[in-house]
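# Residue-level structure breakdown
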Amino acid sequence: PLEIVERRRRRDDRLPLAPVQGRVLYNEAPVEGADVTFIHEGAPRFSSGKTDAEGNFTLSTYEPGDGAFLGANRVTVIKSSGPGEGLGGDLPDPE
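Residues numbered from 1 in each chain as written. Predicted model: local features only at pLDDT ≥ 70, side-chain atom pairs only at ≥ 80, totals over all residues. Heavy atoms only, no water.

### What to know about the overall build of the chain
This is how it is decided: Numbering of helices and strands runs from the N terminus; a helix is a DSSP stretch of H or I covering at least four residues, while a strand is a stretch of E covering at least two. To sort residues, take the accessible area from a 1.4 Å probe on protein chains only and compare it with the maximum for the residue type: under 20% means buried, over 50% means exposed, and anything in between is partly exposed. Residue contacts follow a heavy-atom distance rule, with two residues in contact if any of their heavy atoms lie within 4.5 Å. The Shrake-Rupley method, run with a 1.4 Å probe sphere, supplies the accessible areas, and residue values consider only the shown protein chains as cover.
Secondary structure summary: the chain contains one helix and nine strands in total. Along the chain, helices and strands appear, N-terminal first, in the series α-β-β-β-β-β-β-β-β-β. The buried share of the chain, taken over its 95 residues, is 21%. The long-range share in the chain, meaning contacts at least 24 apart out of those at least 6 apart in sequence, stands at 52%. Accessible surface, the chain: about 7,100 Å² in total, of which carbon and sulfur atoms supply 52%.

### As for the pairing of strand β6 (residues 47–50)
Note the threshold: DSSP calls a pair of strands paired once it identifies at least 2 bridges connecting them.
Only one face of β6 is covered, namely the face carrying Ser47 and Gly49; the face carrying Ser48 and Lys50 is uncovered. Sheet topology note: the strand β5 (residues 35–39)/β6 ladder contains four bridges and is antiparallel. Paired with Phe38 across the bridge in β6 is Ser47.

In structure tokens, the structure reads:
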């Protein structure tokens, strides 16, 4: 019984969220596989999502698609790439 009460209390103490969906483009082209993160100062966790083939994302914080914390957020978009696949241009092969 104590565990259920504790879980319920944590859920009731959560900061309010709002649904967030968006699209990431680079040079007018969709960016697939980018990690999008919203960081709200003072929040217990961050909100994140990953872009699909069209560059679309939906943010999740506690549950899939539940959104991000209300208010100002710092936003990061990170696209990892292999050698020669950077967004800024071609890189020479390290060999």
